[in-house]
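Each chain, letter by letter, is given below.
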Amino acid sequence: MPSQPEPRPLVARLGQRLAERSLSDASRTVTLAAMAGGTILGGRAGDLAGRSVLIATATQLAAAMALVELDGLARRILLAPPDLAAEHRAAVIEDAGIDAVATDDPDAWRALGVGTVLVPDVPPVPAPRPDRPPVATEWLMLTSGTTGRPKIVAHTLDALTGAIGGDAPSAAAAPVWATFYDIRRYGGLQILLRALIAGGSLVLSAPGEDLAEHIARLVRCGVTHISGTPSHWRKALMSSAIGAFRPGYVRLSGEIADQAVLDGLRQTFPDASIGHAYASTEAGVGFAVDDGLEGFPAHYVGRPGPVEMKVVDGVLHIRSRRAALGYVGDGASALMDADGFVDTGDMVEQRGDRFHFVGRRGGIINVGGLKVHPEEVEAAINRHPLVRMSRVKARKSPITGSIVVADVVLTRPADPSEVAGLKAEILAGCRETLPGHKIPALIAIVPAIEVAPSGKLVRNVA
Amino acid sequence: MSSRLTITNLIEEIAADHNKTLKPLSDDLVLLESGLDSLCFAILVARLEDKLGIDPFSASEEAYFPVTLGDFIRSYDHAVAA
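Remember, it's a predicted structure, so these values are computed and weren't measured experimentally. The residue numbers shown here count from 1 along each chain, following its written sequence. Both sets of labels track the order of writing: A upward for chains, 1 upward for ligands. At least 70 in pLDDT is required for a residue's local features to be given in this predicted model, at least 80 for side-chain atom pairs to be given and counted, and no such filter applies to totals for whole chains, interfaces and linings, which use all residues. Processing note: side-chain calculations cover all non-hydrogen atoms of the structure and skip hydrogens and water entirely.

## Notes on the overall build of chain B
Part 1 of the argument: In terms of helices and strands, chain B carries four helices and zero strands.
Part 2 of the argument: Counting from the amino terminus, helix and strand elements in chain B follow one another as α-α-α-α.
Part 3 of the argument: Rg of the C-alpha trace for chain B: 12 Å, near the compact-globule value of 12 Å for 82 residues, within the 12% margin.
Part 4 of the argument: Between buried and exposed lies partly exposed: a residue is buried under 20% and exposed over 50% of the maximum accessible area for its type, with that area taken using a 1.4 Å probe on protein chains only. Within chain B, the fraction of its 82 residues that count as buried is 43%.
Part 5 of the argument: Contact between two residues is taken to exist if any of their heavy atoms lie within 4.5 Å; hydrogens are not considered. In chain B, once contacts between residues fewer than 6 apart in sequence are set aside, the share between residues at least 24 apart is 57%.
Part 6 of the argument: The convention is simple: Lys and Arg are positive, Asp and Glu are negative, and His and the chain ends are not counted. Here the site of a charge means atom NZ of a Lys, CZ of an Arg, CG of an Asp or CD of a Glu. Seen as two clouds, the 6 positive and the 14 negative side-chain charges of chain B have centres 6 Å apart. Helix numbering and strand numbering both begin at the N terminus, where a helix is a DSSP run of H or I of at least 4 residues and a strand a DSSP run of E of at least 2. Radius of gyration means the value over C-alpha atoms here, while the globule rule gives 2.2 Å times the residue count to the 0.38 power.

Pasting the structure below:
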């Protein structure tokens with residue numbers, strides 16, 4: 001057997017110019033130099049060597065510092081998302097075999113029978129790194145599923161950073177990244193790792209911060225690269241502050257990027273590179289598309305390479321070195337099939353030389369036996385120039401079981417006298433591309449549509 | 001607006017949207033022969049629920065399906081009165 005190369009912990013991959021690069025949130029800035037040469041764990045990182053550590057902190061900044069400190073030391077680190085419900089804590093500890101919690105709220109965890117290490121919410125204190133041979137720490141994340149016992153997915157740092165690649169720091173100025181995601185979710189963690197190991201800085205989101213203030217802060221911090229879900233971006237495009245923001249690179253992931261949101265971003269950021277990426281916590285980063293068009297080139301499917309894709313019964317399957325190791329916990333289901341492919345549950349449809357995402361397998365609405373993906377109807381509605389975002393859902397019908405209805409947010413307040421005409425126009429637009437059973441039976445103009453903490457539209461799957 | 005007028009206006013609107021040719025909307029018109037399909041009826045019932053606040057078909061305990069347009073209108077009049 002070939003010998004395993006020695007693991008390179010995150011702290012050894014931070015690259016150059018650490019004193020000039022930083023992580024910041026709404027109130028603090030910490031340089032990478034301070035992170036690499038200090039402790040946020042009160043100097044107790046050595047006590048956590050070989051342990052399975054859950055990181056549960058109020059702030060993303062503290063979580064990021066704990067990650068850098070513990071990778072290569074701990075056997076496992078589990079990043080608790082900010083909305084992990086109290087009733088799921090015991091199950092997560094059991095499934096992940098957690099034996100220590102690094103937290104700024106020890107009282108919340110002590111009752112669960114695990115040791116805690118206090119994470120003081122202060123800048124790191126200079127301290128030498130424990131002198132131990134580095135281990136290949138497992139990175140555990142929770143999937144963004146909405147209800148029930150959270151599913152835990154195990155990754156390696158190599159798999160998580162597999163899409164970041166070559167990354168010789170470019171001659172251009174170091175990128176200043178930002179993301180609307182929380183870094184404790186897959187989409188946000190990708191951006192944290194990109195900033196850390198590819199020569200950049202990162203401006204974190206802050207809970208409860210008003211969107212206009214957040215965008216103004218991104219402008220002040222000189223953000224050059226930014227990512228979010230299409231729902232994040234639709235909201236951002238409605239903000240009065242967006243006009244002052246001039247990022248060079250805009251990235252979408254986590255939901256279907258339809259043509260309307262891509263076009264909206266292109267109009268708002270005429271000089272930016274705009275890309276949409278396909279990734280999931282389980283399958284890892286699949287690919288990025290940067291031609292400004294929705295969907296992806298059909299030749300991506302079936303081609304050899306580090307990420308292989310196939311379509312089975314309309315569902316995208318991915319085999320990739322960036323995929324997770326598997327689910328963790330007793331009775332966890334298999335994450336891959338016998339050939340190593342991950343069933344993404346994302347349904348695609350080929351139109352000409354392009355595949356288009358049409359929706360989630362679990363989200364199909366059944367209208368009298370005919371299937372409708374909410375996302376394909378939303379994409380049609382969103383083409384209307386006055387529509388900023390929409391949510392399509394099922395409504396019970398005594399005749400067809402379900403019918404399709406839609407909530408729509410407009411780009412500007414509508415006069416009551418124009419609402420009927422607008423609805424008729426939206427429906428006429430849908431009729432151009434959709435068969436009758438996919439056309440909303442009712443449209444409601446609403447002031448806002450709820451976006452979950454994951455950055456995705458809240459869908460109540462019946 | 002009477003429920004009759006609301007219903008016949010909506011039927012005409014939905015038929016036009018779905019390119020259906022309607023027979024004359026008389027009380028003895030058999031719904032299944034009216035030119036509307038079940039999807040159109042599902043839309044009609046949903047829009048009527050939004051306009052009138054009632055869905056007599058889901059509200060009733062037992063399954064009841066009107067046969068003629070007159071039956072259909074009467075189920076709404078009955079539900080409004082109830």
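Now that the structure has been shown, the text picks up again.
## Re the packing of helix 1 (residues 3-17) of chain B against helix 2 (residues 38-52) of chain B
Residue and element names in this part refer to chain B.
Part 1 of the argument: In this description, a line fitted to the C-alpha atoms serves as the axis of each element, helices being fitted only across the stretch in contact, and the angle between N-to-C directions of two axes falls anywhere from 0 to 180 degrees. At a minimum axis distance of 10 Å, the contact between helix 1 and helix 2 shows a crossing angle of 140 degrees. As judged from the angle between their axes, helix 1 and helix 2 are oblique. Along this stretch, helix 1 crosses helix 2, giving a crossing that reads as right-handed. The segment helix 1 lies against helix 2, with Ser-3, Thr-6, Ile-7, Leu-10, Ile-11, Glu-13, Ile-14 and Asp-17 engaging Cys-40, Ile-43, Leu-44, Arg-47, Leu-48, Lys-51 and Leu-52.
Part 2 of the argument: Residues are sorted three ways: Asp, Glu, Lys and Arg are charged, Ala, Val, Leu, Ile, Met, Phe, Trp, Tyr, Cys and Pro are nonpolar, and all the rest, Gly among them, are polar. Taken together, the residues of the contact of helix 1 with helix 2 break down into nine nonpolar, two polar and four charged. Under this scheme an angle from 65 to 115 degrees is roughly perpendicular, one under 35 degrees roughly parallel, and one over 145 degrees roughly antiparallel; angles in between are oblique. Crossing handedness is read from the near helix: turned anticlockwise from the far helix by less than a right angle, it gives a left-handed crossing, and turned clockwise, a right-handed one.

## A few points about the UniProt feature "domain: AMP-binding enzyme C-terminal" (unreviewed entry) in chain A
Part 1 of the argument: UniProt positions are given in the numbering used here, feature names are shortened, and annotations may be inferred rather than shown by experiment. UniProt marks residues 376-456 of chain A with the feature "domain: AMP-binding enzyme C-terminal" (unreviewed entry), using the numbering shown here.
Part 2 of the argument: A distance of 16 Å separates the end C-alpha atoms of residues 376-456 of chain A, which is 30% helix and 31% strand.

## Some words on the packing of aromatic side chains
Two numbers describe a pair of aromatic rings. These are the distance of the centres and the angle of the planes.
All names here are of chain A.
Part 1 of the argument: Centres within 6.5 Å make a pair out of two Phe, Tyr or Trp rings, where for Trp the six-membered ring is used; the pair is then stacked when the planes are under 30 degrees apart, edge-to-face when over 60, and tilted otherwise. In total, this model carries 15 aromatic pairs over all chains according to the counting rule given.
Part 2 of the argument: Here the aromatic rings of Trp-177 and Tyr-249 are separated by 6.0 Å at their centres, their planes lie at 85 degrees, and the arrangement is edge-to-face. You can see Trp-177 sitting in strand 11 (residues 176-179) and its partner Tyr-249 sitting in strand 14 (residues 249-252), a full 72 residues away along the chain.
Part 3 of the argument: Trp-177 gets classed as buried once you look at its relative accessible area, which sits at 5%.
Part 4 of the argument: When its relative accessible area of 19% is taken as the criterion, Tyr-249 is described as buried.
Part 5 of the argument: Ring centres of Phe-296 and Phe-357 lie 5.4 Å apart, and the angle between their planes is 45 degrees; this geometry places the pair in the tilted category. Taken as a pair, Phe-296 in strand 17 (residues 296-297) and Phe-357 in strand 22 (residues 354-360) lie far apart in primary sequence, 61 residues in all.
Part 6 of the argument: Looking at Arg-89, its charged tip hangs above the ring of Trp-109, at a distance of 4.9 Å from the centre. Remark: a charge is flagged as sitting over a ring if the NZ atom of Lys or the CZ atom of Arg is within 6 Å of the ring centre and within 35 degrees of the ring normal.

## Structural notes on the pattern of salt bridges
All names here are of chain A.
Part 1 of the argument: Every case where a carboxyl oxygen of Asp or Glu lies within 4 Å of a side-chain nitrogen of Lys or Arg is listed as a salt bridge. One pass over the full model with this rule turns up 29 salt bridges over all chains.
Part 2 of the argument: Taking the shortest distance from any N to any O, the salt bridge between Asp-337 and Lys-310 comes out at 4.0 Å. With a gap of 27 residues between them, Asp-337 in the loop between strand 20 (326-328) and strand 21 (342-351) and Lys-310 in strand 18 (residues 307-312) connect regions that are remote in the sequence.
Part 3 of the argument: The partly exposed category is assigned to Lys-310, whose relative accessible area is 27%.
Part 4 of the argument: By sharing partners, the salt bridges in this structure join Glu-375, Glu-378 and Arg-459 into a single network.

## Notes on the sheet that holds strand 5 (residues 76-79) of chain A
Sheet strands associate in pairs through backbone hydrogen bonding, adopting either a parallel or an antiparallel arrangement.
Residue and element names in this part refer to chain A.
Part 1 of the argument: Reading across the sheet, the seven strands line up as 7-6-4-5-9-10-20 and stay open at both edges, with mixed pairing between neighbours. Taken across any chain shown, the strands that pair with only one partner, and hence form the sheet edges, are strand 7 (115-118) and strand 20. Adjacent strand axes in the sheet meet at a mean angle of 30 degrees when their direction is disregarded.
Part 2 of the argument: We treat two strands as partners when DSSP finds at least two bridges between them. Note that strand 9 (residues 138-142) and strand 10 (residues 152-156) share five bridges and pair antiparallel. What sits directly across from Met-141, in strand 10, is Val-153.
Part 3 of the argument: Packing against the sheet, helix 2 (residues 60-70) makes contact with strand 4 (52-56), strand 5 and strand 9, and its axis sits at approximately 160 degrees to strand 4.

## Here's the deal with the environment of Leu32(A)
Residue and element names in this part refer to chain A.
Part 1 of the argument: When you line up the elements, Leu-32 lands in helix 1 (residues 32-36).
Part 2 of the argument: Each C-alpha atom of the pair Leu-32 and Arg-75 lies 23 Å from the other, and the pair is 43 residues apart in sequence.
Part 3 of the argument: If sequence neighbours within four positions are ignored, Leu-32 has contacts with Leu-14, Leu-18, Arg-21, Ser-22, Leu-23, Leu-196 and Gly-200.

## Observations regarding the interface of chain B and chain A
Accessible area lost upon the coming together of the parts is a frequently used measure of interface size.
Part 1 of the argument: Facing the 16 residues of chain B at the interface are 14 residues of chain A.
Part 2 of the argument: Buried area counts how much accessible surface, traced with a 1.4 Å probe, disappears from two parts once they are put together, with both parts' losses summed. Regarding the contact of chain B and chain A, the summed buried area is about 1200 Å², with carbon and sulfur atoms giving 65% of it.
Part 3 of the argument: Considering only the surface of chain B that becomes buried against chain A, Leu39(B), Ala42(B) and Arg47(B) emerge as the three largest contributors, covering 35% of it.
Part 4 of the argument: Connecting chain B to chain A are three salt bridges.
Part 5 of the argument: In this structure, Asp17(B) engages Arg431(A) in a salt bridge whose closest nitrogen and oxygen atoms are separated by 3.1 Å.
Part 6 of the argument: Within 3.5 Å is the distance limit for a polar contact, defined as a pair of N or O atoms, with the added protein rule that one can donate a hydrogen and the other accept it, and that residues adjacent in sequence qualify only through two side-chain atoms. The interface formed by chain B and chain A contains five residue pairs in polar contact (both at pLDDT 80 or more).
Part 7 of the argument: Of all the secondary structure elements, the ones that give two or more residues to the side of chain B that touches chain A are helix 2 and helix 3 (56-59) of chain B.

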